[in-house]
Structure formats: C-alpha cells, structure tokens
Amino acid sequence: GDRTCILSDSMISDTNTTDHDVIPGQLKTIVLNKEVSVSYSGSTNKAISKIREIRTALSKRIYLEEILESLSEFTADENGGVGFIVSSHMGIPKLYKIADGQIHYGLDTYWIGNEAAAGRVLEEFGKDDRIIEELPNNMTLEEYKLRDAFKNAVYEKELPHAGGLIFDCIGTPGGYRY
C-alpha cells in the first residue's frame with residue numbers, strides 16, 4: 001500500500017547494565033519533513049547528531065540517495081554501534097535499513113536494535129489470529145496486530161532490551177503522524 005508503520009520503544013539501555021540502569025525516555029523515530037522519517041538504534045548521541053545533519057541536508061535539497069550513502073558510511077565507521085531505518089514517501093513508499101555500512105532495500109519489514117526483542121515481536125505477531133471487528137481510526141488490521149505484538153513483546157519483562165514508551169509513526173503520501 002501507500003502506508004508505512006514504524007514502531008519504536010523509548011528504552012535507552014546497554015546490554016552490560018542491570019535493570020536499574022535502563023532509562024525509558026528517548027524518542028527514536030524522528031519525522032524530518034513531510035516525506036522522510038528516520039529511526040535509530042544504538043548510541044543516542046551519535047545517532048541524533050547524524051539525524052540533525054540529515055535534516056539540514058534535506059533542507060538544502062540533497063538527494064535521498066546521498067543521505068542513504070552518508071548513513072551507510074556512518075554506520076560502517078561505528079562498527080555496529082548505530083543503525084537506522086529511513087522511511088520515504090518521495091514517490092512510492094520505501095523503507096531502507098542502514099546498518100554495518102550496508103543499505104538494505106526491497107522488503108516491507110525491517111528491524112534494528114536487539115535481535116531477541118525482534119524475535120519476540122515476530123513470534124507474537126505470528127500467533128495473533130484474532131478477528132477485529134472495529135479498528136481504531138486510521139489504522140489497518142495489520143498495523144493493529146503488529147502494534148499489539150510489539151506492545152506484548154516490549155512489556156514482557158524477560159529481558160530489558162526493549163521497553164519504556166511505545167511510539168508508532170504512520171507515514172502516508174500526506175505526511176507522517178505519531
């Protein structure tokens with residue numbers, strides 16, 4: 001379709017810390033303009049600095065391909081410490097995953113961050129066979145079930161690799177909204 005659904009938690013954590021060192025408080029999906037949003041995982045300070053650079057580049061009418069290449073180089077230099085998902089509605093909707101110096105494109109689902117948390121989300125999503133009679137306004141059935149799966153996986157306290165608040169950002173040709 002013409003929509004993208006980006007889900008993110010707000011947990012800032014380090015796998016070497018305990019539950020008491022986890023901070024639930026960072027927005028990880030940022031709308032840059034009507035046509036582009038970017039999500040990140042990893043080092044918050046480094047990612048936010050790079051996202052600010054991207055926002056400035058977009059305002060100067062830099063091509064999206066140049067931005068993707070810049071993110072690719074940045075993630076290569078960070079050796080796995082930062083990853084990005086870029087959602088674009090310049091023309092047809094596209095998702096890009098940029099991690100470890102690589103640009104991934106062509107799938108309709110990408111994940112950055114903790115792999116165990118991703119596995120829990122996919123497991124929850126796969127077992128959701130409910131029939132929903134009435135959906136929330138402006139949400140598709142698939143988005144609703146994915147959001148529920150994400151919520152269930154994030155709030156399951158098995159490991160503190162995801163948590164805090166959950167944000168969903170829906171992208172359409174008309175723009176993005178949280």
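If you're wondering where the values come from, they're calculated on a predicted model, not measured in any experiment.

Each value, and the rule that gives it
Residues numbered from 1 in each chain as written. Predicted model: local features only at pLDDT ≥ 70, side-chain atom pairs only at ≥ 80, totals over all residues. Heavy atoms only, no water. Helix = DSSP H or I, 4+ residues; strand = E, 2+ residues; numbered from the N terminus. Expected span 1.5 Å × (residues − 1). Buried < 20%, exposed > 50% of the residue type's maximum accessible area, 1.4 Å probe, protein only. Contact = heavy atoms within 4.5 Å. Phe/Tyr/Trp six-rings, centres within 6.5 Å; stacked < 30°, edge-to-face > 60°. Arc of directions from axis to C-beta. Pairing = 2+ DSSP bridges. Axes fitted to C-alpha atoms, helices over the stretch in contact; angles between N-to-C directions.

Quick rundown of helix α1 (residues 44-59)? Include the residues and the values.
For an α-helix the count is 3.6 residues per turn, leaving residues at separations of three or four pointing the same way. Compared with the 22 Å implied by 1.5 Å per residue over 16 residues, the 22 Å span of α1 between its first and last C-alpha is a close match. Residues T44, A47, I48, K50, I51, I54, A57 and L58 constitute the buried set of α1. Those residues of α1 that are buried are in contact with β2 (11-12), β4 (29-31), β5 (36-42), α2 (64-77) and β6 (82-88).

Hey, could you go over the packing of aromatic side chains for me, with residue numbers and the actual values?
On inspection of all chains with the given rule, the structure shows 3 aromatic pairs. For the pair F74 and F84, a centre-to-centre distance of 6.1 Å together with 50 degrees between the ring planes defines the contact as tilted. Placement of F74 in helix α2 and of F84 in strand β6 is noted, with a sequence separation of 10 residues between them. For the pair shown, F74 and F84 are each scored as buried.

Could you give an account of helix α3 (residues 115-126), naming the residues involved and the relevant values?
In this model, α3 (12 residues) spans 16 Å end to end at C-alpha, consistent with the 16 Å of a helix rising 1.5 Å per residue. Among the residues of α3, A117, A118, R120, V121 and E124 are the ones counted as buried. Down the axis of α3, the buried side of the element spans an arc of 160 degrees, and every buried residue falls inside it. Exposed residues pointing more than 90 degrees away from the buried face of α3 are listed as E115, L122, E123 and G126. Its buried side turned inward, α3 meets α4 (141-155).

Any chance you could break down the sheet that holds strand β10 (residues 175-177) for me, citing the residues and the numbers?
Reading across the sheet, the 3 strands line up as β1-β9-β10 and stay open at both edges, with antiparallel pairing between neighbours. In the strand order of this sheet, the two ends are held by β1 (4-9) and β10, each with one partner. Sheet twist, expressed as the average angle between the axes of neighbouring strands with direction ignored, equals 20 degrees. Alignment of strand β9 (residues 166-172) against β10, held across 3 bridges, turns out to be antiparallel. The partner of T172 across the bridge, within β10, is G175.

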